[in-house]
Amino acid sequence: MTIERELSKRSGSKCELCAATENLKVYEVLPTKKAGTDEAIMACSTCIDQIENPGTEDLNHWRCLNDSMWNENTAVQVVAWRLLSRLRSAGWPQELIDQMYFDEDTLAWAQATGEGEDVENKVIHRDVNGVILEVGDSVVLIKDLKVKGSSIVAKQGTSVRNIRLDHDNAEYIEGKVDGQTIVIITQYVKKL
């Protein structure tokens, strides 16, 4: 069974955030470890567009999170927490966040994109051209890089998908090259 079918069955063919029944798509909740239904949700195009474009959120649309934050699926809870964190300055989202409880692993997943951090404390990763990098982005290497501790050389032009960010250092990202997870310095990558 495909991920789309499984999510459609799990969600009852509705957006797991706002319960819309039109324009549904699989939305992968980044960063993923094993990519599957546990790390994805069924969402409508309206929700996905607002999730992927911070600053375009319709506050009234997201009142639906009052219900979806209690969904039994962890991926839905994580997305709800991230959106509530993004909108918390409106007041009511902070009240909902205060009602949520996550174990350590789930909270780490929810915070992996930096949504819960204050803007002045947030570490911002930028590529060689100054473009902001986010969790899950794809980058290309602009220089041959010798991987420390191995004989691998990551060649210029190599595409690295689904990157992860180091939340302590703005110069480091992680990604897989030739099946091995490596740390890459941001000055040697360009966002695709």
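Residues numbered from 1 in each chain as written. Predicted model: local features only at pLDDT ≥ 70, side-chain atom pairs only at ≥ 80, totals over all residues. Heavy atoms only, no water.

Student: Help me understand the overall build of the protein in this model?
Tutor: When helices and strands are tallied, the protein shows six helices and 12 strands. At 18 Å, the protein has a C-alpha radius of gyration in line with the 16 Å of a compact globule built from 192 residues. For the protein, the spread of C-alpha atoms along the principal axes amounts to about 50 × 45 × 30 Å. Considering the protein as a whole, with its 192 residues, one finds that 39% of them fall into the buried category. For the protein, long-range pairs separated by at least 24 residues make up 56% of all intrachain contacts whose partners lie at least 6 apart in sequence. Here the protein carries 22 positive and 31 negative side-chain charges, and the mean point of each set is 7 Å from the other. (Helix = DSSP H or I, 4+ residues; strand = E, 2+ residues; numbered from the N terminus. Rg over C-alpha atoms; globule rule 2.2 N^0.38 Å. Buried < 20%, exposed > 50% of the residue type's maximum accessible area, 1.4 Å probe, protein only. Contact = heavy atoms within 4.5 Å. Lys, Arg positive; Asp, Glu negative; His and termini not counted. Charge placed at Lys NZ, Arg CZ, Asp CG, Glu CD.)

Student: I keep staring at the nonpolar core and nothing clicks. Help me out?
Tutor: Core analysis: the largest hydrophobic core is formed by 30 residues, its most contacted members being Leu17, Val29, Ile41, Trp62 and Leu84. Among the elements that line this core, the one with the most residues is helix α4 (residues 74-87), at nine residues. Counting 15 residues, the second largest nonpolar core, distinct from the first, contains Val135, Leu141, Val160 and Ile182. (Core = buried A, V, L, I, M, F, W, Y, C linked by side-chain atoms within 4.5 Å.)

Student: Just checking my understanding: could you explain the sheet that holds strand β10 (residues 172-177) for this structure?
Tutor: Strand pairing in a sheet is mediated by backbone hydrogen bonds. Such pairs are either parallel or antiparallel. Reading across the sheet, the three strands line up as β9-β10-β11 and stay open at both edges, with antiparallel pairing between neighbours. If you trace the sheet from one side to the other, it starts and ends with β9 (164-165) and β11 (180-185), each paired once. Two elements, β9 and β10, share two bridges in a ladder whose sense is antiparallel. Its bridge partner being in β10, leucine 165 is matched across the sheet by isoleucine 173. (Pairing = 2+ DSSP bridges.)

Student: Could you clarify how one ought to interpret the sheet that holds strand β5 (residues 139-141) in this entry?
Tutor: Sheet architecture is open: three strands sit in the order β8-β5-β12, paired in antiparallel fashion. The open sheet has two free edges, formed respectively by β8 (159-160) and β12 (189-191), since each of these has just one partner strand. Of the pairings in the sheet, the one linking β5 to β12 comprises three bridges and is antiparallel in character. Among the inter-strand pairings, leucine 141 is bridged to a residue of β12, identified as valine 189.

Student: Is there a simple way to think about the pairing of strand β2 (residues 40-44) in this case?
Tutor: Looking along a regular strand, one sees the side chains alternate between the two faces of the sheet. Taken across its five residues, β2 has five buried, putting it largely inside the fold. Every second residue of β2 is oriented toward a common face, with Ala40, Met42 and Cys44 on one face and Ile41 and Ala43 on the other, all of them buried. In terms of strand pairing, strand β1 (residues 24-28) meets β2 through five bridges, oriented antiparallel. Residue pairing in the sheet places leucine 24 in a bridge with cysteine 44 of β2.

Student: Before we go on, may I ask you to explain a nonpolar patch on the surface in this structure?
Tutor: Together, Tyr172, Val183 and Ile185 make up an exposed nonpolar region whose accessible area comes to about 240 Å². Within the secondary structure, valine 183 is located in strand β11. (Patch = residues over 30% accessible without salt bridge, like charges linked within 9 Å, V, L, I, M, F, W, Y side chains within 5 Å. Areas by Shrake-Rupley, 256 points an atom, 1.4 Å probe, with all protein chains shown as cover. Salt bridge = Lys/Arg side-chain N within 4 Å of Asp/Glu carboxyl O.)

Student: Just to check I follow, could you spell out the environment of glutamate 104 for this structure?
Tutor: With respect to the helices and strands, glutamate 104 occurs in helix α6 (residues 104-111). Overall, the relative accessible area of 73% leaves glutamate 104 in the exposed class. Along the chain, glutamate 104 and isoleucine 182 lie 78 residues apart, while their C-alpha atoms are 24 Å from each other.

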